[in-house]
Amino acid sequence: MSEPMFISELIDKIQSGNIRIPSFQRGFVWDSDRVAHLMDSIFKGFPFGSLLLWRTRSSLNSEKNLGPYQLPTRDPEYPIDYILDGQQRATSIFGVFQTKLLPSPDSDTSCFDIYFDLIQSDSIQDSNFLYVPLTEIDNKRHFPLKILFNSSEYRNYLKNMDDDIAEKVDYLYKKFTTARIPVEIFNSDDRNAVAIVFERINRLGIELDTLQLLSAWTWNEDFDLQEEFISLSEELEPFGFKGVGEDSNLILRCCSAIISSDASPASIMELKGKEVRERFKEIKKGIFGAIDFLRNSLKIVNTELLPFSTIIVPLSVFFATNLEQDTNPSEYQQNILVKWIWRTFFSKRYSKRLEQLNRDIIEIRKLKNGQKSSLGDFDVGISDKYFTENQFNITTVNTKTFILLLANNEPLNFISGSPVALDEVLRSFNKKEFHHVFPKQYLKSLNVRNDRINCLCNFVIIAKSDNNTLGGNPPSIYKKYLPNNKESIRLILKKALCPENIFQDDYDKFLEDRVEILIKQAKKLMQFDKKTSK
């Protein structure tokens, strides 16, 4: 429902403690220029945004101050209005006009010291509102907005003013005392609904921090869990997976999957801090085991290389244990896990419905417990287009999957024939480490379209120094830099998943033959070429 309110009403509600800030909101970040700009918009009647308040009778366990101001306790007979959206505007308006609440010690409230320039001519474009340092205040020119809602100070100020100035100030008073702040009220005691609303309104700005959200209403007594998450991130950093530890929502999904076999938002919101804390050692073992498996079994050496970070969620369920000894998969379990991961990556399974993630959590638990499991038993359609129409872009799921496909065939450097230092290449993970088989410069001279030049099918992993030596020459020319041994060349091309016809300089034929090799390799990794027997 909509309940626009006057500025004086907003001030009164905050001073009475009935409008409050939940702890999952970010802090106040506006500077004096932003605050002055808001005052100018209100004065000129321009749209300046609305407030979204969540009205509830249940107070949160954890709250934030309103900027530098500690809010008073509220009257329990009245419902609470928590600000879900518009905190910066509400804090600015309150900070500029209120005179009762003292700021917390050592806080800087100078951004609220906004003055109206009485001498500058009015302009629709320019603003008369500004921050003025104490040393530069001219009492005949700068009117402090702070006294506008303080009747006694306001009257005293006008006593010594000329009529034309008093008239300007009266007009200013009228504009701010009659201005209405647009307010939308979301009335609900369903906290899952509140989480969804907050996530949606922040989707284009600061992402919802579910950990803080949970801390606000259920984890007050276990607030140190945030420190546990920070510590986990630091422990993962040496392994290249700091990004996983920094993604609190991903870790919470792991917690929920391990505890309740469900990674849905609703299940996460039902987590109890005490239970997560008591089982956190088990959860950490699950996450570390998942990462260790990805590193050793698929050569995924950092977060950036993961096509889907959510693969860690069901995988952590398999490796989670409260025993001292780590979980080690059998040969059968190893094969199933590898098959499932490759099929998930090639199918982009987790870019679709959450139900598929939860289904895999259930099936991976069955696999762990020695029960019949259908983990990975889904078909994946892979055609020529996957490699010929997808452009090489290291930020995309398909490119990351393609890089892993190449890396897991243990490529060799073209010139020396020595193994590519994959750990080094994949850890740095930037475009400079991946190179065209048919050089870009050469193909451009043949007027080949960019999309065909930069398709996945035309890329390999070789040392940067090799690429510089091979230069922009066609394969028939740069062949002279390769080992002078047919078997060595054949092995280099086999490890690069390239056909032996590349030295004929026929790009169309190369694409046709290489696609066949890449599809065969993809199917091999996804185990469509064999049956996995227990």
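In this text the structure is predicted, and so the values were computed from the model without any measurement.

Asker: Quick rundown of the packing of helix α15 (residues 331–347) against helix α16 (residues 354–368)? Include the residues and the values.
Answerer: A pair of packed helices is characterised by two quantities: the angle between their axes and the separation of those axes. Closest axis-to-axis distance for the α15/α16 pair is 11 Å, and the angle between their directions is 165°. Considering the angle they form, α15 stands roughly antiparallel to α16. The two elements α15 and α16 meet at a crossing, and its hand is left-handed. When α15 is examined against α16, the residues Tyr332, Gln333, Ile336, Leu337, Trp340 and Thr344 are found in contact with a partner set consisting of Asp360, Ile364, Leu367 and Lys368. In the contact of α15 with α16, the residues fall into six nonpolar, two polar and two charged.

Asker: How would you sum up helix α10 (residues 248–260)? Please name residues and give values.
Answerer: Here α10 contains 13 residues, and its C-alpha end-to-end distance of 18 Å stays within 8% of the 18 Å for a straight helix at 1.5 Å per residue. Counting buried positions along α10 gives ten out of 13 residues, so the element sits mostly inside the fold. Every buried residue belonging to α10 is among Ser248, Leu250, Ile251, Leu252, Cys254, Cys255, Ser256, Ala257, Ile258 and Ile259, and all of these are buried. Within two residues after α10, Ser261 carries a phi angle of roughly 60°, on the positive side.

Asker: Outline the environment of Ala320, listing residues and values.
Answerer: Positionally, Ala320 belongs in the loop between α14 (312–319) and α15. According to the relative accessible area criterion, Ala320 is buried, its value standing at 3%. Between the alpha carbons of Ala320 and Lys285 there is a distance of 5.3 Å; along the sequence they are 35 residues apart. Non-local contacts of Ala320, meaning those with residues more than four positions away in its chain, are made with Ile258, Glu282, Gly286, Thr327 and Lys368.

Asker: Talk me through unusual backbone geometry; I want residue IDs and the actual numbers.
Answerer: One non-glycine residue with positive phi stands out, namely Leu497, at about 55°. Residue placement: Leu497 occurs in the loop between α24 (486–495) and α25 (507–525). Judged by its relative accessible area of 4%, Leu497 falls in the buried class. The phi dihedral of Gln527 falls on the positive side, at around 60°, and the residue is not glycine.

Asker: Kindly report on the nonpolar core, identifying the contributing residues and their values.
Answerer: Counting 110 residues, the largest nonpolar core has Leu315, Trp340, Phe346, Phe387 and Phe434 as its most contacted members. Residues in contact with Phe434, not counting those within four places in the same chain, are Phe392, Ile394, Ile403, Val425, Leu426, Phe429, Phe459, Val460 and Ile461. Listed in part, the 50 residues of the second largest apolar core include Val96, Phe97, Tyr157 and Val183.

The rules we used
Along each chain, residue indices are assigned from 1 in the same order as the chain's sequence is written. The predicted nature of this model means local features are confined to residues of pLDDT at least 70 and side-chain atom pairs, given and counted, to a pLDDT of 80 or more, with totals for whole chains, interfaces and linings taken over all residues. Hydrogen atoms and water are omitted, and side-chain values are computed over all heavy atoms in the structure. For helices, the fitted axis covers only the stretch in contact; all axes are lines through C-alpha atoms, and the angles between them, taken along N-to-C directions, range from 0 to 180 degrees. In DSSP terms, a helix is any run of H or I states spanning at least four residues, a strand is any run of E spanning at least two, and both are numbered starting from the N terminus. Any angle between 65 and 115 degrees counts as roughly perpendicular, while under 35 counts as roughly parallel, over 145 as roughly antiparallel, and the rest as oblique. Put simply, a crossing is left-handed when the front helix is turned counterclockwise from the back one by less than a right angle, and right-handed when it is turned clockwise. Two residues form a contact once any of their heavy atoms are found within 4.5 Å. For this classification, the nonpolar set comprises Ala, Val, Leu, Ile, Met, Phe, Trp, Tyr, Cys and Pro, the charged set comprises Asp, Glu, Lys and Arg, and every other residue, Gly included, is treated as polar. In this scheme, a helix's expected span is set at 1.5 Å multiplied by one less than its residue total. The classification of residues rests on relative accessible area computed with a 1.4 Å probe and restricted to protein chains. Under 20% of the type maximum is buried, over 50% is exposed, and intermediate values are partly exposed. What is meant by a nonpolar core is a set of buried Ala, Val, Leu, Ile, Met, Phe, Trp, Tyr and Cys residues, joined one to another through side-chain atoms within 4.5 Å.

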